[in-house]
Amino acid sequence: MKVLVTGGAGYIGSHVVEMLVEKGYEVVVFDNLSAGHRSAVHKDATLVVGDLLNKGDLEKLFAAHQFEGILHFASHILVGESMEKPFKYFNDNMAAIWNVLEFATANGVKRFILSSTAALFDDPERIPISEDEPLKPGSVYGETKYMAERTLMWMDRIYGLRYCALRYFNACGAHPNGHIGEDHHPESHLIPITLQVALGQRDSLAIYGSDYDTPDGTCVRDYVHVLDLAEAHILALEALGNGPSRVYNLGSGTGYSVKEVVEVARQVTGHAIPTVETERRPGDLPRLIADSTRIKRELGWAPEFDNLHVIIETAWNWHQKHPNGFEE
Ligand SMILES: NC(=O)c1ccc[n+]([C@@H]2O[C@H](COP(=O)([O-])OP(=O)(O)OC[C@H]3O[C@@H](n4cnc5c(N)ncnc54)[C@H](O)[C@@H]3O)[C@@H](O)[C@H]2O)c1
Ligand SMILES: O=c1ccn([C@@H]2O[C@H](COP(=O)(O)OP(=O)(O)O[C@H]3O[C@H](CO)[C@@H](O)[C@H](O)[C@H]3O)[C@@H](O)[C@H]2O)c(=O)[nH]1
């Protein structure tokens, strides 16, 4: 099966591409390399450098390839930034998905997987959070994913495009082979920043808010390994071949506070990791933990990395081998 992976040179996309290639899919990555890395793309995948905001680039892409499925990762990804630059998120994230869907539907693509998010659940009524929880984005970033999910509902109704929205909680970890891992510039995510402090690349970690209504006052998140996410994409892609559209919440089901993450990182790395408690970051939610019962029951998803210690070990392995990320 030939599939298009937008944003496949990025963190999560590159791990999914590697798994797709290993499973025998023909993979075309489309990425503008604004945040992704050429060397993150598996050698057996075809990399097309282009921009989803440029319809001319998409015209050429769809003229050259007939895709059976699309996995759409490309997006601006930062909750905090989306509250400071809302129009960047509304304009680019929506144009990106609307453009790719325009070409997908015109070219008869029938399967589409969206990288959605836990940021859809501001102030959830029940934790862990299942798919029955009302959708209430707590940031402009989350709102763009909500709008993307709504758009897909219309694509299904109008064109019969079968989609799966995978709402990842906090993606983390690296491929145990040590070749690919997380490398954002600037880095904003908790685990890589914590490991950069352990490596001596930063003096300390700023803890954004210690007055949340959580056991130790810091935000609680559900950290799910990037290879477990990759596995879910493959299962979803297969399921869309003979089933309806669907949405799944994807997490490990366990919540860790910022302070707990730092403590596990201290144990894994053997380094002190100084912290400084600072103001809350706009758009952050106190507690996000997934209930992933539905995807386990319907698709047989069985996450392999259910231990934060092991997850951080895979990330530490990557950061130690590649202290400057993909820039050797
Ligand atoms: N990292 C997480 O914890 C997390 C959690 C929930 C959802 N998500 C979603 O998962 C997806 C992937 O996240 P990531 O952490 O791998 O991000 P990333 O920034 O590493 O990857 C995104 C990729 O998209 C590319 N891209 C961006 N805009 C583009 C455009 N206009 N045209 C072509 N390519 C473009 C970038 O160059 C990059 O390679 C995103 O949609 C994100 O919102 C991430
Ligand atoms: O230097 C830092 C970085 C983060 N945090 C905290 O650590 C937690 C996790 O933050 P981060 O790693 O930035 O992830 P999130 O903001 O939870 O967002 C991620 O997870 C979301 C889903 O939950 C995705 O949608 C986003 O794309 C992805 O960036 C949050 O409470 C932050 O306030 C700090 O205290 N200090």
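Since this is a predicted model, take the numbers as computed values, not measurements. (Residues numbered from 1 in each chain as written. Chains lettered and ligands numbered in written order. Predicted model: local features only at pLDDT ≥ 70, side-chain atom pairs only at ≥ 80, totals over all residues. Heavy atoms only, no water.)

A tally of regular secondary structure across the chain gives 10 helices and 13 strands. Here the C-alpha atoms of the chain give a radius of gyration of 19 Å, agreeing with the 20 Å that 2.2 N^0.38 yields for 328 residues. Within the chain, buried positions represent 55% of all 328 residues. Sequence separation of 24 or more characterises 78% of the internal contacts of the chain that already satisfy a separation of 6 or more. Of the roughly 13900 Å² of accessible surface on the chain, 48% is carried by carbon and sulfur atoms. Of the side-chain charges in the chain, 29 are positive and 45 negative, and the distance between the mean point of each set is 5 Å. (Helix = DSSP H or I, 4+ residues; strand = E, 2+ residues; numbered from the N terminus. Rg over C-alpha atoms; globule rule 2.2 N^0.38 Å. Buried < 20%, exposed > 50% of the residue type's maximum accessible area, 1.4 Å probe, protein only. Contact = heavy atoms within 4.5 Å. Areas by Shrake-Rupley, 256 points an atom, 1.4 Å probe, with all protein chains shown as cover. Lys, Arg positive; Asp, Glu negative; His and termini not counted. Charge placed at Lys NZ, Arg CZ, Asp CG, Glu CD.)

A separate point is the site of ligand 2. Near ligand 2 there are 22 residues, and of these Thr117, His189, Ala206, Arg281 and Asp284 occur at the shortest range. Leu190 places a polar main-chain atom, nitrogen or oxygen, 2.8 Å from an oxygen atom of ligand 2. Separating an oxygen atom of ligand 2 from a side-chain N or O atom of Asp284 is a distance of 2.6 Å. Protein burial of ligand 2: of its 680 Å² of free accessible surface, 94% is covered by the chains. (Near = heavy atom within 4 Å. Polar contact = N/O pair within 3.5 Å; in protein donor to acceptor, adjacent residues only side chain to side chain.)

The predicted coordinates of low-pLDDT regions are not to be read in fine detail. Residues of the chain with pLDDT of at least 70 account for 100%, and the chain-wide mean is 97. Quick note on the complex model: pTM equals 0.98, ipTM equals 0.97. (pLDDT = per-residue confidence, 0-100.)

A contiguous nonpolar patch, built from Trp154, Ile158 and Tyr159 and spanning about 330 Å² of accessible area, is present on the exposed surface. Mapping Tyr159 onto the fold places it in helix H5 (residues 140-159). You can call Tyr159 partly exposed: its relative accessible area is 43%. (Patch = residues over 30% accessible without salt bridge, like charges linked within 9 Å, V, L, I, M, F, W, Y side chains within 5 Å. Salt bridge = Lys/Arg side-chain N within 4 Å of Asp/Glu carboxyl O.)

Attention shifts here to the packing of aromatic side chains. Throughout the structure, instances matching the rule amount to 4 aromatic pairs. Residues Phe62 and Phe67 carry aromatic rings whose centres are separated by 5.5 Å and whose planes lie at 85° to one another, so their mutual orientation is edge-to-face. Its relative accessible area of 6% is what places Phe62 among the buried residues. Following the ring pairs from residue to residue traces out a cluster consisting of Phe62, Phe67 and Phe103. The side chain of Arg280 reaches across the aromatic face of Tyr212, ending 3.9 Å from its centre. (Phe/Tyr/Trp six-rings, centres within 6.5 Å; stacked < 30°, edge-to-face > 60°. Lys NZ or Arg CZ within 6 Å of the ring centre and 35° of its normal.)

What follows deals with the packing of helix H8 (residues 258-269) against helix H10 (residues 308-321). Relative orientation of the contacting elements H8 and H10 amounts to 60°, with a least axis distance of 9 Å. Between H8 and H10, the angle is such that the two are oblique. Judged by the twist between their axes, the crossing of H8 over H10 is right-handed. Judged by residue contacts, Val261, Val264, Ala265, Gln267, Val268 and Thr269 of H8 engage Leu308, His309, Ile312, Glu313 and Trp316 from H10. Its residues assigned to classes, the contact of H8 with H10 shows 7 nonpolar, 3 polar and 1 charged. (Axes fitted to C-alpha atoms, helices over the stretch in contact; angles between N-to-C directions. Parallel < 35°, antiparallel > 145°, perpendicular 65-115°, else oblique. Left-handed = near helix turned anticlockwise from the far one by under 90°. Nonpolar A, V, L, I, M, F, W, Y, C, P; charged D, E, K, R; others polar.)

Strand pairing within a sheet occurs via backbone hydrogen bonds; the two strands may be parallel or antiparallel. The 7 strands lie next to each other as S3-S2-S1-S4-S5-S6-S11, forming an open sheet whose pairing is parallel. What marks the edges here is a single partner per strand, and that holds for strand S3 (46-49) and strand S11 (246-250). Taken pair by pair, the neighbouring strands of this sheet meet at an average axis angle of 20°, ignoring direction. As paired elements, strand S4 (residues 69-72) and strand S5 (residues 111-117) share 4 bridges and run parallel to each other. Among the inter-strand pairings, Gly69 is bridged to a residue of S5, identified as Arg111. (Pairing = 2+ DSSP bridges.)

Before going further, it helps to spend a moment on the environment of Lys259. Checked against the element boundaries, Lys259 lands in helix H8. Take Lys259: its relative accessible area is 31%, and that puts it in the partly exposed class. Sequence-distant contacts of Lys259, that is, excluding residues within four places in its chain, are made with Ile207, Asp216, Thr218 and Glu277. At a separation of 3.1 Å, a polar atom in the side chain of Lys259 contacts the side chain of Glu277.

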